[in-house]
Amino acid sequence: MNHAREKQTVKDFFYKLYLSYIPNKRDNLKQIIIKVFFLVSLITLIVSAGYLTNYFLSAKKQDNIIDEGRTVWHSASSATTESGDPAPSPSVNELMLQENGDFKGWITISGTKVDNPIYQTTNNEFYLTHNQKKQKSVYGALFFDCNNTITEENTDKNLIVYGHHMKNGSMFANLTKYKSLSFYKEHPTIEFSTLYKTSTYKIYAAFVLNASKSDDNGYIYNISRQSFINEDDFNSWTAEAFERSLINTGVDVNIDDNIITLVTCTYDFDDARFIVMARETREGEDTAVDTSSASANPSPRYPKRWYDDRKIDYPFD
């Protein structure tokens, strides 16, 4: 008897729930509208909660994957032999290559979340949608341009590294901190490694660039150049980077320097990019940068779209 009574109570409960929240023939038009609105709101809430839960779980998973790599990289990099000398550098590369054979380098920028491995494959699409374990991920991974040559015998003078601008500040999002003079003054260098070399690079330019020719009178500044006709051609190329730079860094660059060019998205206008360019510390040169004379560029060159969106006359021919 008790069991039957309990079943009837449960049945009554769900029937009352049905009458209260699901449109039925007993309802008038107003009640139907209210219930439909409630159900739509409830479904929206559930979908949004599911999306946010998935977003944060994905972010946590991605952070854990990157942290694992950082632990391996920094632990192995700082390892020493019994004599106290640095351990052979290939060991850390071997560990990273065991996880992913596409591993080609590492980059660390103090004051940012940039402390990541860099990969390279035969195209520039794969690591936009796959993480360092080659798993599907909206975070992707940092990667070298597929056209860059990076070997022990021959490495390009200008290495291009791409990374997403994630809302949680991961990947290359923090590159946009270099829009700030004060941030640049505190963090003017980059620690950068390939499989064959580790160096300190000095940032010499940081600027907003268009990805579409239509956003700058049919022109895109070629940040990927590798070869130059002569020194004047190289100097003309770097002069444009200095003209565009939001900061007058005071760091010089010459045709014999090795350069890294970092690329991410920025939201100054649709499909805009933020670029940070740095050159390797020269032999015998202090790795520190004197930033006392660095200053904000009062009139950096932006793509024409930037001026159009702000109703400002384009000041460049």
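Residues numbered from 1 in each chain as written. Predicted model: local features only at pLDDT ≥ 70, side-chain atom pairs only at ≥ 80, totals over all residues. Heavy atoms only, no water.

Quick notes on the overall build of the chain
When helices and strands are tallied, the chain shows 6 helices and 10 strands. Looking at the chain as a whole, 42% of its 317 residues are labelled buried. Long-range pairs, those at least 24 residues apart, make up 60% of the contacts in the chain between residues at least 6 apart in sequence. Roughly 17700 Å² of accessible area belongs to the chain as shown, and the carbon and sulfur atoms make up 55% of that amount. (Helix = DSSP H or I, 4+ residues; strand = E, 2+ residues; numbered from the N terminus. Buried < 20%, exposed > 50% of the residue type's maximum accessible area, 1.4 Å probe, protein only. Contact = heavy atoms within 4.5 Å. Areas by Shrake-Rupley, 256 points an atom, 1.4 Å probe, with all protein chains shown as cover.)

What to know about the packing of aromatic side chains
The full count for this structure, using the stated rule, is 21 aromatic pairs. With a centroid separation of 6.1 Å and an interplanar angle of 75 degrees, the aromatic rings of Y302 and Y307 are classed as edge-to-face. Taken individually, Y302 and Y307 each receive the classification buried, so the pair is uniform in this respect. When its relative accessible area of 6% is taken as the criterion, Y307 is described as buried. Members of the aromatic cluster, each reached through a chain of ring pairs, are W73, F103, W106, Y119, F126 and Y127. Lying over the aromatic face of F316, R301 brings its terminal NZ or CZ to 5.5 Å of the ring centre. (Phe/Tyr/Trp six-rings, centres within 6.5 Å; stacked < 30°, edge-to-face > 60°. Lys NZ or Arg CZ within 6 Å of the ring centre and 35° of its normal.)

Brief notes about the nonpolar core
I107, I190 and L262 are the most contacted members of the largest nonpolar core, which totals 68 residues. Contact partners of L262, with chain neighbours within four places excluded, come to I107, I109, V161, F172, L175, I190, F274, I275 and V276. (Core = buried A, V, L, I, M, F, W, Y, C linked by side-chain atoms within 4.5 Å.)

With respect to the sheet that holds strand β5 (residues 189-194)
The strand order around the closed barrel built from 8 strands is β1-β2-β3-β4-β8-β9-β6-β5, with neighbouring strands paired in mixed fashion. In this sheet, neighbouring strand axes are inclined to one another by 30 degrees on average, regardless of whether the strands run parallel or antiparallel. Note: strand β8 (residues 259-266) against strand β9 (residues 272-280), 8 bridges, orientation antiparallel. The partner of T266 across the bridge, within β9, is A272. Along the sheet, helix α5 (residues 231-244) makes contact with β4 (158-162), β6 (198-210), β8 and β9, crossing β6 at roughly 70 degrees. (Pairing = 2+ DSSP bridges. Axes fitted to C-alpha atoms, helices over the stretch in contact; angles between N-to-C directions.)

Looking at the pairing of β6
Burial runs high along β6: 12 of the 13 residues are buried. Bridge count between β5 and β6: 5 bridges; the pairing is antiparallel. Counted as the bridge partner of E191 is T200 from β6. Counting the residues that bridge the hairpin from β5 to β6 gives 3 residues.

Section: the side chain of N174
Looking at the element boundaries, N174 is found in the loop between β4 and α4 (181-186). Looking at N174, the relative accessible area reads 11%, which means it is buried. A distance of 2.9 Å separates the side chain of N174 from the backbone nitrogen of K113, its partner in a polar contact. Setting aside residues no more than four positions away along its own chain, N174 makes contact with T112, K113 and G169. (Polar contact = N/O pair within 3.5 Å; in protein donor to acceptor, adjacent residues only side chain to side chain.)

What about α5?
Residues that lie three or four places apart on an α-helix share one face, since the helix turns once every 3.6 residues. If you check α5, its first and last C-alpha atoms are 20 Å apart, about what 14 residues at 1.5 Å a residue would give, namely 20 Å. The complete set of buried residues in α5 reads D233, F234, W237, T238, E240, A241 and R244. Projected down its long axis, α5 shows its buried positions confined to an angular sector of 145 degrees, all on one face. Against β4, β6, β8 and β9 lie the buried residues of α5. Between a side-chain oxygen at the N-terminus of α5 and the backbone nitrogen of D232 the separation is 3.1 Å; the capping residue is N230. (Expected span 1.5 Å × (residues − 1). Arc of directions from axis to C-beta.)

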